[in-house]
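Residue-level structural notes
Chain by chain, the residues run as shown.
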Amino acid sequence: TEQNDELQQAEYSSKRSAKAQTDTITSLHESIRKAKLQTEQLESSLKENKDRLEESILFRHKLQSKCDSLEAEIESTVKHHKEIISSWTKDQEKIISAITE
């Protein structure tokens with residue numbers, strides 16, 4: 001009976017240990033599942049952010065091109081207006097010269 005009690009105790013101890021190991025394994029599997037899910041979410045978020053960054057870079061490039069084009073147009077208009085003013089000034093000087101002679 002004493003030996004029987006020892007065997008029963010060993011059996012219970014073994015079962016408790018097996019249960020604890022099973023619980024640990026189940027917990028680890030759940031942790032791995034959650035980590036995989038979080039990784040998938042992070043990868044998805046990363047892709048979305050990369051896509052937005054690419055769109056932003058493209059938009060910035062288009063905007064810069066438009067700004068450069070407008071700046072060139074403004075410079076051309078200013079140059080043209082200066083030429084008109086210079087021509088008008090010369091014409092006015094000729095008229096004044098003709099009148100004062």
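This text gives an overview of the structure that appears in the document. Because the structure is a prediction, the values reported are computed rather than measured. (Residues numbered from 1 in each chain as written. Predicted model: local features only at pLDDT ≥ 70, side-chain atom pairs only at ≥ 80, totals over all residues. Heavy atoms only, no water.)

1. Some details on the overall build of the chain
Where we set the bar: Counting from the N terminus, the helices are the DSSP runs of H or I reaching at least four residues and the strands are the DSSP runs of E reaching at least two. Taken over C-alpha atoms, the radius of gyration is set against a globule rule of 2.2 Å times the number of residues to the power 0.38. Between buried and exposed lies partly exposed: a residue is buried under 20% and exposed over 50% of the maximum accessible area for its type, with that area taken using a 1.4 Å probe on protein chains only. Only the protein chains shown count as cover for residues, with accessible areas throughout obtained via the Shrake-Rupley method and a probe of 1.4 Å.
Check the secondary structure of the chain and you find 1 helix and 0 strands. In summary, the chain has a C-alpha radius of gyration of 43 Å against a globular reference of 13 Å for 101 residues, an excess of more than 25%. C-alpha atoms of the chain, sized along the principal axes, occupy 145 × 15 × 10 Å. Residue burial in the chain is summarised as follows: out of 101 residues, 0% are buried. When the accessible surface of the chain is split by element, carbon and sulfur atoms take 56% of a total near 9700 Å².

2. A word on the pattern of salt bridges
To be explicit about the condition: Throughout this description, the term salt bridge denotes a Lys or Arg side-chain nitrogen within 4 Å of a carboxyl oxygen of Asp or Glu.
Taken as a whole and judged by the stated rule, the model has 4 salt bridges. A salt bridge links lysine 15 to glutamate 11; the nearest nitrogen and oxygen atoms lie 3.2 Å apart. In this pair, lysine 15 and glutamate 11 both sit in helix 1 (residues 2–100), 4 residues apart, roughly one turn of the helix. Across the salt bridge formed by arginine 33 and glutamate 30, the nearest N and O atoms sit 2.7 Å from each other.

3. Some words on the environment of glutamine 3
Among the structural elements, glutamine 3 can be located in helix 1. Relative accessible area serves as the criterion here: at 61%, glutamine 3 is assigned to the exposed category. Put simply, glutamine 3 and valine 78 are 75 residues apart on the chain and 109 Å apart in space, counted from C-alpha to C-alpha.

Purely geometric numbers; function is a separate question.
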